[in-house]
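# Structural characterization, general
Here is how the chains run, residue by residue.
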Amino acid sequence: MIQILTTYGGLLLTAMGQTLLLALCGLFFACILGLIFGLLSVVKNRACNIISIIFVDAIRGVPMIVLAYFIYFGIPYLLNTIMGFGGVTLSALQAGTICLALNCGAYMAEIIRAGIESVDKGQMEAARSLGLPYWRAMFRVVLPQAIRTMIPSIINQFIITLKDTSILSVIGFPELVNTAKNVVANSFMSFQVWAIVAVMYLIVITILSVLAKQMERRLNRGRE
Amino acid sequence: MALLEVAGIGKSFGSTAVLRDISFTLNEGEAIAIIGSSGSGKTTLLRCLNFLETADTGSITVGGETLWSADDIHTQSEAAIRKKRLHFGLVFQNFNLFPQYTALQNVMLAEQLLAKERPDYKQHKKEILAEIEAHARELLADMGLSDRAGHYPHQLSGGQQQRVAIARALALKPDILCFDEPTSALDPELTGEVLRVLRDLAANKTTMIIVTHEMKFARDVADRILFMDGGVVVEQGPAKEVIDHPKEERTRQFLASYGK
Ligand SMILES: Nc1ncnc2c1ncn2[C@@H]1O[C@H](COP(=O)(O)OP(=O)(O)OP(=O)(O)O)[C@@H](O)[C@H]1O
Ligand SMILES: [Mg+2]
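A short tour of the structure in this document, coming up. (Residues numbered from 1 in each chain as written. Chains lettered and ligands numbered in written order. Predicted model: local features only at pLDDT ≥ 70, side-chain atom pairs only at ≥ 80, totals over all residues. Heavy atoms only, no water.)

Before going further, it helps to examine the environment of B:Thr75. All names here are of chain B. Tracing the chain through its elements places Thr75 in the loop between β5 (65–69) and α2 (78–84). Considered as a pair, Thr75 and Ser59 are 16 residues apart in the sequence and their alpha carbons are 9.8 Å apart. Once you skip the residues sitting within four places of it in the chain, Thr75 turns out to touch Thr66, Leu67, Trp68, Ser69, Ile81 and Lys84. Reaching out from Thr75, the side chain makes a polar contact with the backbone oxygen of Asp72 at a distance of 2.7 Å. (Helix = DSSP H or I, 4+ residues; strand = E, 2+ residues; numbered from the N terminus. Contact = heavy atoms within 4.5 Å. Polar contact = N/O pair within 3.5 Å; in protein donor to acceptor, adjacent residues only side chain to side chain.)

Here's what the structure looks like:
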């Protein structure tokens, strides 16, 4: 165990860094996508609602590993070979980010929709009766209340997405699982390596959960 | 000329007609009380006046300007309606204060956002915001809430919350202030403090439409009463006359249920 740590510890830590980088990139764009599609699903416009439903259902209906292969191999093939653009390449980080953003974004859209719908209709009406335009009322009055109820689900989704980065080992991104596979191939000590990897995930996710709890408490301070 | 002219307002939800041919006028400085049993369409009427609901027929005219007419598509665009809402203030049965803002912020919010549209906003931002805050504090003081400006809604009693809501509705100086059963969600002890505020507003000649179940209050404070039943105006007239000597049989039956 000690030997593994001294020999491969640095490598695994770097890989954890890559995992976090990928998760952060994915989450950043997932939040944007989630907000856009979440809002599209609550506005009073049939076309917008349908666009949002199609996006969410399409993404939720495809396993992430298929999405990853599709984006990393399928899209460049489509552009280069079928459509003849040539020279289009996607790095594993780019493809992984897109993949996580789409996947997590779809779930975020659902969380945001449910959060907005949980806010009393009277809030929007009170804001509108004061002459606030729809989007002002949404961003100044409704969303801040929605976000408070959404925080536990959002954090939960962040943790799921962090774990989902391991799926992107299949497109060769040097995140933790991919790196660990190589370490096992070199050292043959699968028990030790996978135990270390499991503990590394556990530590990071526990730290995130604790931070999240604290944030939640701060946001709720002084309110019922 | 009347400040408010409501003519032939009709509204259906699906196949049920909730309002039918509602017409009445309101002079500046007058208070009109709307009474009627549950489901008679009182809330729907107020919502149509505030454009939270779009009526199917009729027109709404304030100060000679036709704000909304079922026959004139130009009066119905969302952009046009936004500004028109400012003619009316609305106080809800369950207050609908914004929980994430303090009492003061609740009162200031709309005015602050509206001020951003002023051409001189950037230049005189400080003065404008100070003015708005002073105005909001003044309104809270009028409601007897000077010492509650920094409190969040959940730190206030129902009566205090409703008084903040009234201050908030007054902030944009609406021509007509509408109340939808402002005391129905309050304990009897707290009803009095809100009714007192309404009496003060009436004494100061605030133009008001008050939906209420407080018959004694309506008789004493309102200039006129409008009795609705089944989506139509059954009877309207001077408050004391309608309460003490109702002409219509249905009005009599309704008032009898209140022990009058
Ligand atoms: N959005 C809606 N969709 C369908 N029906 C509605 C809607 N809003 C109100 N109604 C119906 O319209 C009728 C009138 O409702 P309204 O709320 O205006 O009555 P009200 O006079 O305010 O009653 P209350 O004294 O109980 O507040 C009721 O039968 C109600 O069920
Ligand atoms: Mg009602």
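Grouped together as the largest cluster of nonpolar side chains are 62 residues, with contacts concentrated most on A:Ile116, A:Leu132, B:Leu4, B:Phe24, B:Phe88, B:Ile176 and B:Ile209. With 8 residues, helix α6 (residues 134–164) of chain A is the single largest residue contributor to this core. Every residue in contact with B:Ile176, bar those within four places of it in the chain, is listed here: B:Leu3, B:Leu4, B:Leu26, B:Val62, B:His87, B:Phe88, B:Gly89, B:Thr207 and B:Ile209. In this structure, B:Ala103, B:Leu139, B:Leu186 and B:Leu198 belong to the second largest nonpolar core, which totals 39 residues. (Core = buried A, V, L, I, M, F, W, Y, C linked by side-chain atoms within 4.5 Å. Buried < 20%, exposed > 50% of the residue type's maximum accessible area, 1.4 Å probe, protein only.)

All names here are of chain B. Contacts to ligand 1 come from Phe13, Val18, Ser37, Ser38, Gly39, Ser40, Gly41, Lys42, Thr43, Thr44, Glu181 and His213. Within the side chain of Ser38, a nitrogen or oxygen atom sits 2.5 Å from an oxygen atom of ligand 1. Between ligand 1 and Lys42 there is a distance of 2.8 Å, counted from an oxygen atom to a side-chain nitrogen or oxygen. In isolation ligand 1 has 630 Å² of accessible area, and contact with the protein removes 57% of it. Here the shell around ligand 1 takes 3 residues from helix α1 (residues 42–49), the largest share from any one element. (Near = heavy atom within 4 Å. Areas by Shrake-Rupley, 256 points an atom, 1.4 Å probe, with all protein chains shown as cover.)

Residues and elements named next belong to chain B. Taking burial as the measure, the 5 residues of strand β7 (residues 176–180) include 5 buried ones, the bulk of the element. Side chains Ile176, Cys178 and Asp180 of β7 all project onto a buried face; the interleaved residues Leu177 and Phe179 project onto the opposite face, where all are buried too. Note: strand β6 (residues 88–91) against β7, 4 bridges, orientation parallel. Each residue of the ladder has a partner; that of Val91, found in β7, is Phe179. (Pairing = 2+ DSSP bridges.)

In this structure, B:Thr61 sits in strand β4 (residues 57–62). Each residue touching B:Thr61, except ones within four places of it in the same chain, is listed here: B:Leu3, B:Leu4, B:Glu5, B:Thr66 and B:Leu67.

Turning our attention to the sheet that holds β6(B). Each strand in a sheet pairs with another by means of backbone hydrogen bonds, the pair being arranged parallel or else antiparallel. Residue and element names in this part refer to chain B. Strand order in this open sheet of 6 strands is β6-β7-β8-β3-β9-β10, and the pairing throughout is mixed. Edge positions in the sheet fall to β6 and β10 (232–238), since each of these pairs with one other strand and no more. This sheet shows a mean twist of 20° between the axes of neighbouring strands, independent of strand direction. Two elements, β7 and strand β8 (residues 208–211), share 4 bridges in a ladder whose sense is parallel. Of the residues in β8, the one forming a bridge with Asp180 is Val211. Sheet strands touched by helix α9 (residues 249–256): β3 (31–36), β9 (224–229) and β10. Its angle to β9, the strand with the most contacts, is close to 95°. (Axes fitted to C-alpha atoms, helices over the stretch in contact; angles between N-to-C directions.)

The next subject is the interface of chain A and chain B. Put simply, an interface is often sized by how much accessible area is lost when its parts join up. Tallying the contact residues gives 20 residues for chain A and 26 residues for chain B. Carbon and sulfur atoms supply 54% of the area that chain A and chain B bury against each other, a total of about 2,100 Å² over both sides. The tally of links from chain A across to chain B stands at 2 salt bridges. Taking the shortest distance from any N to any O, the salt bridge between A:Glu125 and B:Arg47 comes out at 2.8 Å. Here chain A and chain B share 9 residue pairs in polar contact (both at pLDDT 80 or more) between them. The element contributing the most residues to the side of chain A that touches chain B is helix α5 (residues 121–129) of chain A, with 7 residues. Here the side of chain A that touches chain B is composed, by residue class, of 7 nonpolar, 6 polar and 7 charged. (Buried area = accessible area lost by both parts, 1.4 Å probe. Salt bridge = Lys/Arg side-chain N within 4 Å of Asp/Glu carboxyl O. Nonpolar A, V, L, I, M, F, W, Y, C, P; charged D, E, K, R; others polar.)

Before going further, it helps to spend a moment on the side chain of B:Thr207. All names here are of chain B. As for its position among the elements, Thr207 is in the loop between α6 (188–203) and β8. Among the polar contacts made by the side chain of Thr207, one reaches the main-chain amide nitrogen of Gly29 at a distance of 2.9 Å. Leaving out residues up to four positions away in the same chain, Thr207 has contacts with Leu3, Leu26, Asn27, Glu28, Gly29, Glu30, Asp175, Ile176 and Leu177.

As far as function goes, none of this settles anything; it's purely spatial.
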